[in-house]
Amino acid sequence: MNKHFYLTTPIYYVNGAPHIGHAYTSIAADVLARWKRLDGYEVFFLTGTDEHGQKVEKAAAEAGLDPQGFTDQVAADFRDMAARMNISNDDFIRTTEPRHKRACAELWRRLEAHGAIYLGHYEGWYAVRDEAFYNQGELTLGADGIRRAPSGAPVEWVREPSYFFRLSSWQDKLLEFHEKNPDFIAPVARRNEVLSFIRSGLEDLSISRTSFTWGIPVPGDPAHVMYVWLDALTNYITAAGFPDEADPRWGFWPADLHIVGKEIVRFHAVYWPAFLMAAGLAPPQRIYSHGWWTVEGEKMSKSLGNVIDPRELVATFGRDALRYFLLREVPFGNDGDFSRKALITRLNGELANDLGNLAQRTLSLVARQCAGVRPARGASIAPDQALRDAAAALPALVRGALEKFAFHEALEDVWRVVRAANAYIDHQAPWALARTDRARMASVLRVLLDAVRGVATVLQPFMPESMARMLDQLGVPADARGLAALDQDLPAGAALPPPEGIFPRFDALSR
Ligand code: MSP
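In short, a report on the structure. Here the structure is a predicted model, which means the values were calculated and not measured.

**Some remarks on the overall build of the chain**
Part 1 of the argument: Across its full length, the chain carries 18 helices and 18 strands.
Part 2 of the argument: Relative to the globule expectation of 24 Å for 511 residues, the C-alpha radius of gyration of the chain, 26 Å, shows essentially globular dimensions.
Part 3 of the argument: For the chain, the residues scored as buried account for 58% of the 511 residues in total.
Part 4 of the argument: Accessible surface computed for the chain: about 20600 Å², of which carbon and sulfur atoms make up 52%.

Written as structure tokens, this is what we have:
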């Protein structure tokens, strides 16, 4: 296979409708997937839904539906969200699909064959909301008499027969694994959390339940269903064809990157590599954990009624505007706050004014002064060369920023060029040159067209739809929109379509 890249979002619980937090994870992963494709990689980008377990079973019962009917409905809603956010996933996996049940059963059998599983009895605390087991020491007792996990989720006492995974025997091997792979889990604060969790001592993990039935049956013992996290994590290999090693997608394993939220790091950076290594399979290469959004200063929750439906924002502001804002506003590993005011400020200032006006001014001058035809490159003087160099540096800068998941830095790098191009157009004043020196005017406009092309090319992964429109207006053919094509000059004399504004302005009261 050529240079290839396999990346995933977490699979989303289908206990409720998709919200802005889910959209965020998917959008970030989508930008990376699109960037890698633009950069010449063969990409396999996976997303999907996590449909088993007690939490989903409960939500189905509350909705008065059988779990399969319920998950069919909510999974369709998540698929719809992905489409509306313009997520370019190559596959969408549902954990209720036969291919996934087969992969889970096979992984279980391999773990058993390697002596990693034994039957015992679980007695302890469980939080359905997190689908996680907790030790007594991790819990707090609230004034309301309810015991809670560190996440705030209430816990209940569970006592039932259970299969266990010998996680305790992986403590040293996991530490060694993390030492050898210092970039396995980032940012570094998350790595430190993981290391201290492992050092604090790993207990064997309960990996089956008998008190409900909505799950994948344990091979040979159908009174048990698999623990939903063992089932869910396995999705990443199911979609790569496991256990069919002849499947062309198996060449993508181990995955290059799992993108996850900060609350599910332990599952991905401790349990997942342990399960895989115990089954004789390769662990993934990297995990990056992003922060959480609050909304207008508050935690998002159904009870506060402030859960934001990303589709409503898309209907008002456009999907590229939302994609841009979420990745520009907050460094990816940090927590952030979503506010409409901040969104509108960025859309007006950065998209409509800075970028939109740059393209619009350049293209309308070409339309009016050059009969809508792309001018030839003229002799470069220092300011021309400076802008050309700044634009030419963008692919490497954006690549470097994205390699460290600094989406906001990548966008800052691009906006530095956008601002430089706006300063250039002000100084060169091609509208005045139209009266005094038409040859110089034409070369100035050509420098600008090329700079806007450079900017629009590297921004495609962030704002695919708007940048496609911008590249259309610049007359860039479909096969000249990759990073490699930026080295090739576009021919002079091509007729450009009439310019049209791309980014609308919003008044501060817009809903
Ligand atoms: N089903 C598990 C993942 C299994 S992966 C093998 C799960 N699902 S989830 O639906 O609860 O969350 C999925 C993703 O959405 C996580 O990465 C999580 O961090 C993200 N977000 C959910 N709410 C969020 C915010 N308020 N802000 C940012 N991201 C958040 O966990």
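**Things to note about the sheet that holds strand S12 (residues 208-209)**
Part 1 of the argument: Ordered in space as S12-S14-S13, the 3 strands form an open sheet in which the pairing is antiparallel. At either end of the open sheet lies a strand with only one pairing partner, and these are S12 and strand S13 (217-218).
Part 2 of the argument: As defined by bridge partners, S12 adjoins strand S14 (residues 221-226) across 2 bridges and the pair is classed as antiparallel. The partner of Ser208 across the bridge, within S14, is Met226.

**Topic: unusual backbone geometry**
Part 1 of the argument: Of note, the bond from Phe242 into Pro243 is cis; its omega dihedral lies within 30 degrees of zero at 5 degrees.
Part 2 of the argument: Of note, Pro243 is situated in the loop between helix H8 (235-238) and strand S15 (257-261).
Part 3 of the argument: In this structure, Pro254 follows Trp253 across a cis peptide bond, with omega equal to 5 degrees.
Part 4 of the argument: Here Pro254 shows up in the loop between H8 and S15.
Part 5 of the argument: Unusually for a residue other than glycine, Ala429 sits at a positive phi of about 45 degrees.
Part 6 of the argument: Looking at the secondary structure, you find Ala429 in the loop between helix H15 (407-428) and helix H16 (430-436).

**Things to note about the sheet that holds strand S9 (residues 156-165)**
Part 1 of the argument: What the 4 strands build is an open sheet, ordered S6-S5-S9-S11; its pairing is antiparallel. Edge positions in the sheet fall to strand S6 (132-134) and strand S11 (205-206), since each of these pairs with one other strand and no more.

**Overview of the environment of Asn235**
Part 1 of the argument: With respect to the helices and strands, Asn235 occurs in helix H8.
Part 2 of the argument: Classification of Asn235 by relative accessible area gives buried; the value is 1%.
Part 3 of the argument: Placed 88 residues apart in sequence, Asn235 and Arg323 show a C-alpha to C-alpha distance of 26 Å.
Part 4 of the argument: Those residues in contact with Asn235, other than ones at most four positions away along the chain, are Ile11, Leu46, Ile93 and His100.

**Focus on the packing of aromatic side chains**
Here a ring pair, both rings aromatic, is described through the centre-centre distance and the interplanar angle of the planes.
Part 1 of the argument: Counted by the stated rule, this structure contains 32 aromatic pairs.
Part 2 of the argument: Both rings, one in Tyr126 and one in Phe133, keep their centres 4.7 Å apart while their planes meet at 65 degrees; by these two values the pair is edge-to-face.
Part 3 of the argument: Here Phe133 falls in the buried class, since its relative accessible area comes to 12%.
Part 4 of the argument: Both rings, one in Trp293 and one in Phe325, keep their centres 6.3 Å apart while their planes meet at 35 degrees; by these two values the pair is tilted.

**Details of the pairing of S14**
Looking along a regular strand, one sees side chains alternate from face to face of the sheet.
Part 1 of the argument: With 2 bridges joining them, S13 and S14 adopt antiparallel strand pairing. Paired with Pro217 across the strands is Val225, a residue of S14.
Part 2 of the argument: Linkage of S13 to S14, two consecutive antiparallel strands, is achieved through a turn of 2 residues, within which Gly220 is found at a positive phi near 80 degrees.

**A word on the site of the ligand**
Part 1 of the argument: Taken together, 24 residues surround the ligand, and among them Ile11, Asp50, Gly261, Glu263 and Trp293 come closest.
Part 2 of the argument: At 3.3 Å from an oxygen atom of the ligand is found a side-chain nitrogen or oxygen belonging to Trp292.
Part 3 of the argument: Trp293 has a polar backbone atom sitting 2.9 Å from a nitrogen atom of the ligand.
Part 4 of the argument: Compared with its free state, where it exposes 670 Å², the ligand has 95% of that area covered by protein.

**Concerning the pattern of salt bridges**
Pairs may arise between side chains of opposite charge once their charged atoms sit close together.
Part 1 of the argument: In the structure shown here, the tally under the stated rule is 36 salt bridges.
Part 2 of the argument: When the shortest N-O distance is used, the salt bridge between Arg209 and Glu160 registers 2.6 Å. Of this pair, Arg209 sits in strand S12 while Glu160 sits in strand S9; the two residues are 49 residues apart in sequence, bridging distant segments of the chain. Each of the two residues, Arg209 as well as Glu160, counts as buried.
Part 3 of the argument: When the shortest N-O distance is used, the salt bridge between Arg340 and Glu312 registers 3.1 Å. Of this pair, Arg340 sits in helix H12 (residues 340-369) while Glu312 is found in helix H10 (residues 310-317), placing the two residues 28 residues apart along the sequence.
Part 4 of the argument: For Glu312, a relative accessible area of 29% corresponds to the partly exposed category.

**Brief notes about the packing of helix H6 (residues 188-199) against helix H9 (residues 265-278)**
How two helices pack is summed up by the angle between their axes together with the distance between the axes.
Part 1 of the argument: Viewed as axis vectors pointing N to C, H6 and H9 meet at an angle of 55 degrees, and their least axial separation amounts to 10 Å. As the angle between them shows, H6 and H9 are arranged oblique. Our pair here, H6 against H9, has a crossing hand that is right-handed. Every residue of H9 that contacts H6 at Arg190, Val194, Phe197 and Ile198 is listed here: Val265, Arg266, Ala269, Val270 and Tyr271.
Part 2 of the argument: Looking at side-chain class alone, the contact of H6 with H9 contains 7 nonpolar, no polar and 2 charged residues.

**Some points on the environment of Ser443**
Part 1 of the argument: For Ser443, the location among the structural elements is in helix H17 (residues 438-459).
Part 2 of the argument: Through-space distance from the C-alpha of Ser443 to that of Asn89 is 41 Å; in sequence the pair is 354 residues apart.

Cut-off values and rules
- Residues numbered from 1 in each chain as written.
- Predicted model: local features only at pLDDT ≥ 70, side-chain atom pairs only at ≥ 80, totals over all residues.
- Heavy atoms only, no water.
- Helix = DSSP H or I, 4+ residues; strand = E, 2+ residues; numbered from the N terminus.
- Rg over C-alpha atoms; globule rule 2.2 N^0.38 Å.
- Buried < 20%, exposed > 50% of the residue type's maximum accessible area, 1.4 Å probe, protein only.
- Areas by Shrake-Rupley, 256 points an atom, 1.4 Å probe, with all protein chains shown as cover.
- Pairing = 2+ DSSP bridges.
- Contact = heavy atoms within 4.5 Å.
- Phe/Tyr/Trp six-rings, centres within 6.5 Å; stacked < 30°, edge-to-face > 60°.
- Near = heavy atom within 4 Å.
- Polar contact = N/O pair within 3.5 Å; in protein donor to acceptor, adjacent residues only side chain to side chain.
- Salt bridge = Lys/Arg side-chain N within 4 Å of Asp/Glu carboxyl O.
- Axes fitted to C-alpha atoms, helices over the stretch in contact; angles between N-to-C directions.
- Parallel < 35°, antiparallel > 145°, perpendicular 65-115°, else oblique.
- Left-handed = near helix turned anticlockwise from the far one by under 90°.
- Nonpolar A, V, L, I, M, F, W, Y, C, P; charged D, E, K, R; others polar.

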